[in-house]
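Letter by letter, the chains look like this.
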Amino acid sequence: MKSMKNLEIIKNKRILLTGHTGFKGSWMCEVLMELGADVIGYSLEPPTSPSLFQMLELDKKVNSHIGDIRDIEHLRKVFEDTKPEIVIHMAAQPLVRESYINPVYTYETNVMGTVNLLECCRNNDTVKSIVNVTTDKVYRNNEWDKGYIETDYLDGYDPYSNSKSCSELVTHSYVQSFFEEKGIPVSTCRAGNVIGGGDFSKDRIIPDCYRAASKGEDIVVRNPYSTRPYQHVLEPLFAYLMVVTEQYKDPNFASSYNVGPDDESCVNTGKLVDLFVERWNKNSIGKEPKKIGWVNRSDGGPHEANFLKLDCTKLKKTFGWKPVWNIEKTMDKTVEWYKSLAEGENVGECVSRQIRDYIKAFCD
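Counting restarts for each chain: residues are numbered from 1 in the order of the written sequence. Under the rules for a predicted model, residues below a pLDDT of 70 receive no local features and side-chain atom pairs below 80 are neither given nor counted, while totals for whole chains, interfaces and linings still include all residues. Excluding hydrogens and water, the side-chain figures rest on all heavy atoms present in the structure.

Structural notes on the sheet that holds strand β4 (residues 86–89)
(1) Moving on: Here, strands pair whenever DSSP counts at least two bridges between them. Strands are runs of DSSP state E lasting at least two residues, helices are runs of H or I lasting at least four, and both sets are numbered from the N terminus onward. Pairing is parallel in the open sheet, where seven strands are placed in the order β3-β2-β1-β4-β5-β6-β11. With partners counted over all chains shown, the strands left at the sheet margins are β3 (63–66) and β11 (256–259), one partner each. With direction set aside, neighbouring strand axes in the sheet form an average angle of 15°.
(2) Moving on: Sheet topology places strand β6 (residues 186–191) next to β11; four bridges connect them, and they run parallel. Counted as the bridge partner of R190 is N258 from β11.
(3) Moving on: Two residues qualify as a contact provided that any one of their heavy atoms is within 4.5 Å of a heavy atom in the partner residue. In this analysis, axes come from line fits to C-alpha atoms, helices being fitted only over the stretch in contact, and the angle between any two N-to-C directions falls in the range 0 to 180 degrees. On top of the sheet, helix α1 (residues 23–34) reaches β1 (14–18), β2 (38–43), β4, β5 (129–133) and β6; it is set at about 170° to β1, its chief contact.
(4) Moving on: The strands that helix α6 (residues 159–182) touches are β5, β6 and β11; relative to β6, the one it contacts most, it runs at about 165°.

Here it is in structure tokens:
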């Protein structure tokens, strides 16, 4: 089933994307524009400076609304004014460490933000398909080596993970209480860790790698032994679009789906940093650049799972989906983007080129 032809339904559709100013949201804006969608964004100001959103000047390219997902009145007005047909909910407080510092804000954003979004969808007859993006961390983590499946118990440990588990439950309740009766398909997508060019978030490994490498410094790694399902940011974005368009045509596809890489791309943080360092050093900037490395230095931070892997059999069997880029190709593309930035090249052109490369591979 996986092909660009199945995504043709996106063309000229009014698609409301929450969280459009973030790292993943900015990439999604570019993908949606490439596919011919009428993009409506709702989000806070870009969460970092610099930001991919600003670099790509997306405020001039999409129908951008700056607002708080917790502000239901503002969100309701945007829905009424723009009349979206498809809704992709990506707005969130997305950082585990930040959730320990600001748990109330995390729950308000990730739980009540979902309530507000679904309430607006419920009261707007133009909405025909909805995807709520959560995380692989929604599952009760048993530190086992098998992948979690969609029917496993939901119970995130930290405030971020738990709030996303709550977002799943809120969605399920709204489906049963309202959307099934209306015939509106709603899915949740539980994605693994994403990497790629343009992420400048704090407490994330690839942005930490870039910040150190651009200064010629060794990278500090807090926990090199934690294993995660790393994937390029374009992988889950195209999976979300596949789900939201297929259920638009057939509501029976609405469900919960894991979105992650194959087993060989589930690597520990040390291996991930090795891949970054190898590629950064291979084409270092400057006449006599300093070769970088990394150091293991735990900072005694809050609890995070050591081992986490997803079983994506359901997504594969339902839609014929499979990952396009393995971890090596993913790191090639990631370092390519950051090198473009460091060398003063047009990063927008790099984003467009990588999207086209992905689409070509997606269709093969």
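Resuming the write-up.
Details of the pattern of salt bridges
(1) Moving on: The rule for a salt bridge is simple: a side-chain nitrogen of Lys or Arg has to be within 4 Å of a carboxyl oxygen of Asp or Glu. Within the structure shown, the criterion is met by 23 salt bridges.
(2) Moving on: For the salt bridge of E30 with K61, the shortest nitrogen-to-oxygen distance reads 3.8 Å. Here E30, found in helix α1, pairs with K61, found in the loop between α2 (52–55) and β3; they are 31 residues apart in sequence, far enough to count as distant.
(3) Moving on: Note on K61: relative accessible area 46%, which makes it partly exposed.
(4) Moving on: In this structure, the salt-bridge partner of D332 is R279, at a minimum N-O distance of 2.5 Å. Residue D332 is found in helix α11 (residues 327–342), and its partner R279 is found in helix α9 (residues 269–282); the two are separated by 53 residues along the sequence.
(5) Moving on: Note on exposure labels: buried denotes an accessible area under 20% of the residue type's maximum, exposed denotes more than 50%, and partly exposed covers the range between, all computed with a 1.4 Å probe on protein chains only. Assessed through its relative accessible area of 15%, R279 is described here as buried.
(6) Moving on: One continuous salt-bridge network, built from bridges that share partners, spans D203, D208, R211 and R222.

Some thoughts on the nonpolar core
(1) Moving on: Here, nonpolar core means buried Ala, Val, Leu, Ile, Met, Phe, Trp, Tyr and Cys residues that are tied together by side-chain atoms lying within 4.5 Å of each other. One finds L241 and F276 to be the most contacted residues of the largest nonpolar core, which totals 81 residues.
(2) Moving on: Considering every element that reaches this core, the biggest residue donor is helix α8 (residues 234–249), with nine residues.
(3) Moving on: Discounting chain neighbours no more than four positions away, the residues touching L241 are L7, I10, M28, V31, L32, L35 and I88.
(4) Moving on: Core analysis: the next-biggest nonpolar cluster, separate from the first, contains 23 residues, L16, I40, V78 and V115 among them.

Description of α8
Quick reminder: α-helices carry 3.6 residues per turn. Residues three or four places apart thus point the same way.
(1) Moving on: Multiplying one less than the number of residues by 1.5 Å gives the expected span of a helix. Across its 16 residues, α8 extends 23 Å between first and last C-alpha, which sits within 8% of the 22 Å expected from 1.5 Å per residue.
(2) Moving on: Across the 16 residues of α8, 14 count as buried, placing the element largely inside the fold.

Here we look at helix α12 (residues 347–363)
(1) Moving on: Between its first and last C-alpha, α12 extends 24 Å over 17 residues, near the 24 Å set by a 1.5 Å rise per residue.
(2) Moving on: Those residues of α12 hidden inside the fold are in contact with α1, α2, β10 (231–232), α8 and α11.
(3) Moving on: You can read the cap of α12 off the contacts: a side-chain oxygen lies 2.9 Å from the backbone nitrogen of G348, and it is on N346. Any pair of nitrogen or oxygen atoms within 3.5 Å is treated as a polar contact; in protein, a donor-acceptor pairing is required on top of that, and neighbouring residues in sequence qualify only through side-chain atoms on both sides.

Overview of the packing of aromatic side chains
(1) Moving on: Each pair of aromatic rings taken from Phe, Tyr and Trp, with Trp reduced to its six-membered ring, is defined by centres within 6.5 Å and is described as stacked if the planes are under 30 degrees apart, edge-to-face if over 60, and tilted in the remaining cases. Inspection of the entire model under this criterion finds 16 aromatic pairs.
(2) Moving on: Ring geometry for F200 and Y338: centres 6.3 Å apart, planes at 85°, overall edge-to-face. Of the two residues, F200 sits in the loop between β7 (194–195) and α7 (205–214) while Y338 sits in helix α11, which places them 138 residues apart along the sequence.
(3) Moving on: For F200, a relative accessible area of 10% translates into the label buried.
(4) Moving on: Seen in terms of ring centroids, F238 and F362 are 5.3 Å apart; in terms of plane orientation they differ by 45°. Their pairing is tilted. Residue F238 is found in helix α8, and its partner F362 is found in helix α12; the two are separated by 124 residues along the sequence.
(5) Moving on: Exposure remark for F362: the relative accessible area of 2% places this residue in the buried category.
(6) Moving on: Ring-pair connections join several aromatic residues into one group, and the members of that group are F200, Y210, F276, W280, W337 and Y338.
(7) Moving on: For a lysine, the NZ atom is tested; for an arginine, the CZ atom; a charge sits over a ring if that atom is within 6 Å of the ring centre and within 35 degrees of the ring normal. Directly above the ring of F178 sits R122, whose terminal nitrogen or CZ lies 4.3 Å from the centroid.

Quick notes on the packing of α1 against α8
(1) Moving on: Two elements in contact, α1 and α8, have axes whose closest approach is 10 Å; the angle formed by their N-to-C orientations is 55°. Regarding the angle of α1 to α8, the classification is oblique. For the element pair α1 and α8, the recorded crossing hand is right-handed. Residues K24, W27, M28, V31 and L32 of α1 form the contact with α8, whose own contacting residues are L234, L237, F238, Y240 and L241. For classification purposes, angles smaller than 35 degrees are called roughly parallel, those larger than 145 roughly antiparallel, those between 65 and 115 roughly perpendicular, and all remaining angles oblique. A clockwise turn of the near helix away from the far one marks a right-handed crossing, whereas an anticlockwise turn of less than a right angle marks a left-handed crossing.

Side note on unusual backbone geometry
(1) Moving on: Residues S49 and P50 are joined by a peptide bond in cis, for which omega reads 5°.
(2) Moving on: Position of P50 relative to the elements: it lies in the loop between β2 and α2.
(3) Moving on: A positive phi angle is found at K83, which is not glycine, with a value near 50°.
(4) Moving on: The residue K83 is located in the loop between α3 (72–82) and β4 in this model.
(5) Moving on: In this structure, D203 is a non-glycine residue whose phi angle is positive, near 60°.
(6) Moving on: You can see D203 is positioned in the loop between β7 and α7.

Thoughts on the pairing of β1
(1) Moving on: With four of five residues buried, β1 is to be regarded as a mostly interior element.
(2) Moving on: Relative to β2, β1 runs parallel, the two sharing five bridges. From the neighbouring strand, I15 faces β2, where its bridge partner is V39.
(3) Moving on: Assignment of crossover handedness uses the view with strands pointing away from the viewer, where a clockwise path from the first strand over the helix to the second indicates a right-handed crossover. Between β1 and its parallel partner β2, the chain crosses via α1, and the hand of that crossover is right-handed.
(4) Moving on: Two elements, β1 and β4, share four bridges in a ladder whose sense is parallel. Across the sheet, residue L16 finds its bridge partner in β4, namely V87.

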